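What the coordinates show
Residues per chain, in single letters:
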Amino acid sequence: QVRLVESGGGLVQAGGSLRLSCAVSGVTASDYCLGWFRQAPGKEHEGVAGISPGGRSTYYADSVKGRFAISQDTAKNTLYLEMNNLNPEDTAVYYCRLWRGGCLFREVSDFAFWGRGTQVIVSL
């Protein structure tokens, strides 16, 4: 069974950094599209960062470009999101996703899995 488990969230002051991890089991993560998504209270679920199979390309939401970086450790079968220069607008529950397809945000797939999320709170 495929399982994704996020970790690394927490409370951080504005301007600080966090690294989120997503441990994948049941499949080889690098064979699939991988991404980070987030949802803040009262706001829509949104894609944050994505990486294509084998890490051949990455893409980001405009709001996080230059601040966040998505990567993976194939030996650990783990996905990461490095978040720098955080601001209060980054406060959200962050979810990782693994799927088969064209690696677009919100893409419908017959093979897709989500983690249960990790909370990030950025204080003033």
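On a predicted model such as this, the values are computed, not experimentally measured, just so you know. All chains use their own residue numbering, which begins from 1 and follows the written sequence. With pLDDT at 70 or above as the cut-off, local features in this predicted model cover only qualifying residues; side-chain atom pairs require 80 or more to be listed or tallied, and sums for whole chains, interfaces and linings still use all residues. Side-chain figures throughout are based on the complete set of non-hydrogen atoms in the structure, without hydrogens or water.

Topic: the pattern of salt bridges
Any two side chains of opposite charge can pair, so long as their charged atoms come close to each other. Counted as salt bridges are all cases of a side-chain nitrogen of Lys or Arg within 4 Å of a carboxyl oxygen of Asp or Glu. Throughout the structure, instances matching the rule amount to four salt bridges. We note a salt bridge from glutamate 46 to arginine 38, for which the minimum N-O separation is 2.7 Å. Residue aspartate 62 pairs with lysine 65 through a salt bridge whose shortest N-O separation is 3.0 Å.

Some thoughts on the nonpolar core
Considering soluble globular proteins, one finds that nonpolar side chains tend to be buried as a cluster. Core analysis: the largest hydrophobic core is formed by 31 residues, its most contacted members being Trp36, Leu81, Met83, Tyr94 and Leu98. Each helix is a run of H or I in the DSSP string that is no shorter than four residues. Each strand is a run of E no shorter than two, and both are numbered from the N terminus. Those elements that provide at least two residues to this core are strand S3 (18-25), strand S4 (33-39), strand S5 (46-51), strand S7 (68-73), strand S8 (78-83), strand S9 (92-99) and strand S11 (118-123). What is meant by a nonpolar core is a set of buried Ala, Val, Leu, Ile, Met, Phe, Trp, Tyr and Cys residues, joined one to another through side-chain atoms within 4.5 Å. The rule is simple: take the accessible area with a 1.4 Å probe, protein chains only, and divide by the maximum for that residue type; under 20% is buried, over 50% is exposed, in between is partly exposed.

A few points about unusual backbone geometry
For asparagine 85, which is not a glycine, the phi torsion comes out positive at approximately 50 degrees. Along the chain, the position of asparagine 85 falls in the loop between S8 and S9. Judged by relative accessible area, which is 48%, asparagine 85 ranks as partly exposed. With a phi close to 65 degrees, arginine 106 is a non-glycine residue in the positive phi region.

So, the pairing of S7
Strands were regarded as paired on the criterion that DSSP finds at least two bridges between them. In terms of strand pairing, S7 meets S8 through six bridges, oriented antiparallel. Note on S8: the bridge partner recorded for glutamine 72 is leucine 79.

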